[in-house]
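Breakdown of the fold
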Amino acid sequence: MNARAALFDLYGDHLRARGGRASVAALVRLMAPLGVAAPAVRTAISRMVRQGWLAPVRLPPGPGYAVTPKCVRRLDETALRIYRAGTITWSGQWHLVVVEPVRDRPRRARLRADLAFFGYAPLSETTWIGPRPSAELATLFAAERVRADLFLAALDGDPRELVARAWDLAGMARAYEDWLAQAVELVGGLSDDAPADQVFATRSRLVHGWRNFLFRDPGLPAELLPSEWPGEKARAYFEREAARLLPPAAAFVDRNLAEM
C-alpha cells in the first residue's frame, strides 16, 4: 500500500466520519502500522494538497489537514460503492458519455482512469457506457476542461452481450476469487488477542484490497452477470469481516487522534 492510497483509505474509512481532519502527528502515527514512514506520509500529504484533495488547517495538537469539498464528494461516492446497501437495481437504460477527443496524453490518461473508477467502460476512444450516471462527472469534466455529451439510452439488443464486450467479466471473476483467497489468509493470520494496531492494519489492508475493485467492477446488476458470480461471495466475506474488525480498529484511530 503506498502512502497516498493509504491516506485516502484512512480519510474515507475513518476520518470522514470524524470531521474529516487530523493533525500531521496523528496521521504519521496511524500510518505507522501499515509500514508507511513519516517522510512518505508528509510527501503524500503535499501531493494531495497540490491535487486539491486536502487543505491545511490548524488543530489543537498542531498543524493538520482536512478534506476539501472535492475530496468529500469522492470519499462519499466511494463509500457508497464499497459498503453497498441492498441489491443493485438497474433501470434498463445505459448512461452514455461521448467525450471530445483529448490529444494531451496525461489528461487523456487521467480521464480514462477516472471514468473507469466511476463505473464506465469504453466502447471506443471517445464513447463510454455505465449502468447508471455518476454524480462526479461534471466535476471531472470541468477539472480537465473537457466537453462531453451525456445520454440515457436503451440498447436495441442483448445487454449481456454488450456487458461481455465492454467489461472483462472473466478477468474480473478471477480477480474476485484471488482476492477472497488472499483475504481469508490475511484475516486468518490475526490472532484473537491481537493488539489494536494489528487489527487496524489488517482491516486497512482488507479495505484497500476491496477498494481496488472500484476500478474494475462498475456494480452491474445480477441479471447482467453470469450465474454464481464470485463477486457476491467475496462481497459477503468483506462485509462480514470489515464489520467484525471495525470496533477495535476505530478505537485505535480514536486514541491516536486524541493523543497530543
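Residues numbered from 1 in each chain as written. Predicted model: local features only at pLDDT ≥ 70, side-chain atom pairs only at ≥ 80, totals over all residues. Heavy atoms only, no water.

Attention now goes to helix α5 (residues 105–117). Compared with an ideal rise of 1.5 Å per residue, which puts 13 residues at 18 Å, α5 spans 18 Å between its outermost C-alpha atoms and is within 8% of the ideal. Within the span of α5, buried status applies to Leu111, Asp114, Leu115 and Phe117. Down the axis of α5, the buried side of the element spans an arc of 155 degrees, and every buried residue falls inside it. Against α4 (69–82), β4 (94–99), β6 (127–130) and α6 (137–144) lie the buried residues of α5. One side-chain oxygen of the residue at the start of α5 lies 3.0 Å from the amide nitrogen of Arg107, identifying that residue as Asp104. After α5 finishes, the residue Gly119 shows a positive phi value of roughly 100 degrees. (Helix = DSSP H or I, 4+ residues; strand = E, 2+ residues; numbered from the N terminus. Expected span 1.5 Å × (residues − 1). Buried < 20%, exposed > 50% of the residue type's maximum accessible area, 1.4 Å probe, protein only. Arc of directions from axis to C-beta. Contact = heavy atoms within 4.5 Å. Polar contact = N/O pair within 3.5 Å; in protein donor to acceptor, adjacent residues only side chain to side chain.)

Turning next to the packing of aromatic side chains. In the structure shown here, the tally under the stated rule is 15 aromatic pairs. Plain terms: the ring middles of Phe8 and Trp53 are 5.2 Å apart, the flat faces sit at 80 degrees to each other, and that makes the pair edge-to-face. Residue Phe8 is found in helix α1 (residues 3–15), and its partner Trp53 is found in the loop between α3 (38–50) and β2 (54–59); the two are separated by 45 residues along the sequence. On the accessibility criterion, Phe8 (7% relative accessible area) is buried. (Phe/Tyr/Trp six-rings, centres within 6.5 Å; stacked < 30°, edge-to-face > 60°.)

Alternating positions in β6 separate into two faces, Thr127 and Ile129 on one and Trp128 and Gly130 on the other, with burial throughout. Across 4 bridges, β4 lies against β6 in antiparallel orientation. Bridge assignment links His95 to a residue of β6, and that residue is Gly130. The pairing of strand β5 (residues 121–122) with β6 spans 2 bridges and is classified as antiparallel. What sits directly across from Pro122, in β6, is Trp128. The hairpin turn running from β5 into β6, its antiparallel successor, is 4 residues long. (Pairing = 2+ DSSP bridges.)

The subject of this paragraph is the nonpolar core. Counting residues in each nonpolar core, the largest one holds 44 residues, and the members touching the most others are Trp94, Leu115, Phe141, Trp167 and Trp179. Elements with a minimum of two residues in this core: β4, α5, β6, α6, α7 (159–166), α8 (169–188), α9 (196–211) and α10 (230–258). With 9 residues, the single largest contributor to this core is α8. In terms of nonpolar packing, the next biggest core, distinct from the first, is built from 30 residues, Tyr65, Val67, Ala201 and Val253 among them. (Core = buried A, V, L, I, M, F, W, Y, C linked by side-chain atoms within 4.5 Å.)

Moving on: the pattern of salt bridges. Within this structure, the stated rule accounts for 15 salt bridges. The salt bridge partner of Glu136 is Arg74, with a shortest N-O separation of 3.1 Å. With Glu136 in the loop between β6 and α6 and Arg74 in helix α4, this pair connects stretches of sequence that are 62 residues apart. Look at the salt bridges and you will find they share partners, linking Arg74, Asp114 and Glu136 into a network. (Salt bridge = Lys/Arg side-chain N within 4 Å of Asp/Glu carboxyl O.)

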